[in-house]
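One letter stands for each residue in the lines below.
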Amino acid sequence: QVQLVESGGGLVQAGGSLRLSCAASGSIFSINVMSWHRQAPGKQRELVAVITSRGNTNYADSAKDRFTISRDNAKNTVYLQMNSLKSEETGVYYCYARVATIAPACFDDYWGQGTQVTVSS
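Residues numbered from 1 in each chain as written. Predicted model: local features only at pLDDT ≥ 70, side-chain atom pairs only at ≥ 80, totals over all residues. Heavy atoms only, no water.

(A) Highlighting the overall build of the protein chain. Each helix and strand counted, the protein chain has 0 helices and 11 strands in total. Reading the helices (α) and strands (β) of the protein chain from amino to carboxyl end gives β-β-β-β-β-β-β-β-β-β-β. Taking 14 Å as the expected radius of gyration for a compact globule of 121 residues, we find that the protein chain reaches 14 Å, a close match to that expectation. Its C-alpha atoms give the protein chain principal-axis dimensions of roughly 45 × 25 × 20 Å. Counting over 121 residues, the protein chain shows a buried share of 43%. Of the contacts made within the protein chain by residues no fewer than 6 positions apart, 56% connect residues no fewer than 24 positions apart. Taken as a whole, the protein chain presents about 6,400 Å² of accessible surface, with 48% of it coming from carbon and sulfur. Counting 11 positive and 9 negative side-chain charges, the protein chain places the averaged centre of each group 3 Å from the other. (Helix = DSSP H or I, 4+ residues; strand = E, 2+ residues; numbered from the N terminus. Rg over C-alpha atoms; globule rule 2.2 N^0.38 Å. Buried < 20%, exposed > 50% of the residue type's maximum accessible area, 1.4 Å probe, protein only. Contact = heavy atoms within 4.5 Å. Areas by Shrake-Rupley, 256 points an atom, 1.4 Å probe, with all protein chains shown as cover. Lys, Arg positive; Asp, Glu negative; His and termini not counted. Charge placed at Lys NZ, Arg CZ, Asp CG, Glu CD.)

Here's what the structure looks like:
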């Protein structure tokens, strides 16, 4: 089994910054795609940023130029640096990973439990 554990959420004023982390552990052979998603109150979960194992990145239009996704493959960890935060970006942030496990030998999708980010206006 694989576990994803997020950290770094909290309360911040509009215009402030936060850095989220998500560490994967367990029976991991390799991790393909890792990404961050946000679920605002009463809304569906949406993609914020994604990064491949080679470091290629893509962002939601709202996150471009303010957010930076990165990863440390040696630590099986993905980060999301969020700058100039807006009140509408309040929500629960979830980490996702596409993982090739050792036992059983297969690919599977994993989600973290989420970390709350609250941006006060």
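The structure having been displayed, the exposition proceeds.
(B) Highlighting the pairing of strand 1 (residues 2-7). Burial along strand 1 is one-sided: Val2, Leu4 and Glu6 are buried, while Gln3, Val5 and Ser7, pointing the other way, are not. Of the pairings in the sheet, the one linking strand 1 to strand 3 (residues 18-26) comprises 6 bridges and is antiparallel in character. Paired with Val5 across the two strands is Ala23, which belongs to strand 3. (Pairing = 2+ DSSP bridges.)

(C) Spotlight on the pattern of salt bridges. In this structure the tally under the stated criterion is 4 salt bridges. Linking Arg66 and Glu89 is a salt bridge whose minimum nitrogen-to-oxygen distance equals 2.3 Å. On the criterion of sequence distance, the pair formed by Arg66 in the loop between strand 6 (57-59) and strand 7 (67-72) and Glu89 in the loop between strand 8 (77-82) and strand 9 (91-101) is long-range, its members being 23 residues apart. There is no split in this pair, since Arg66 and Glu89 are both buried. (Salt bridge = Lys/Arg side-chain N within 4 Å of Asp/Glu carboxyl O.)

(D) Quick look at the packing of aromatic side chains. A complete count under the given rule lists 1 aromatic pair for this structure. Between Tyr96 and Trp111 the ring centres are 5.2 Å apart and the planes differ by 55°, which places this aromatic pair in the tilted class. Remark: Trp111 occurs in strand 10 (residues 106-111) and Tyr96 occurs in strand 9; sequence separation between them is 15 residues. Taking the ring centre of Tyr94 as reference, the NZ or CZ of Arg45 above it sits at 3.6 Å. (Phe/Tyr/Trp six-rings, centres within 6.5 Å; stacked < 30°, edge-to-face > 60°. Lys NZ or Arg CZ within 6 Å of the ring centre and 35° of its normal.)

(E) Just the nonpolar core, in detail. Counting 29 residues, the largest nonpolar core has Trp36, Leu80 and Met82 as the members making the most contacts within it. In this structure Met82 touches Gly16, Ser17, Leu18, Leu20, Arg66, Phe67, Tyr93 and Val117, once residues within four positions along its chain are discounted. (Core = buried A, V, L, I, M, F, W, Y, C linked by side-chain atoms within 4.5 Å.)

(F) Molecular detail of the sheet that holds strand 7. Read from one edge to the other, the open sheet built from 4 strands follows the order 1-3-8-7, with strand pairing classed as antiparallel. Of all the strands in the sheet, the pair left with one neighbour each is strand 1 and strand 7. The sheet shows a mean angle of 15° between the axes of neighbouring strands, direction not considered. (Axes fitted to C-alpha atoms, helices over the stretch in contact; angles between N-to-C directions.)

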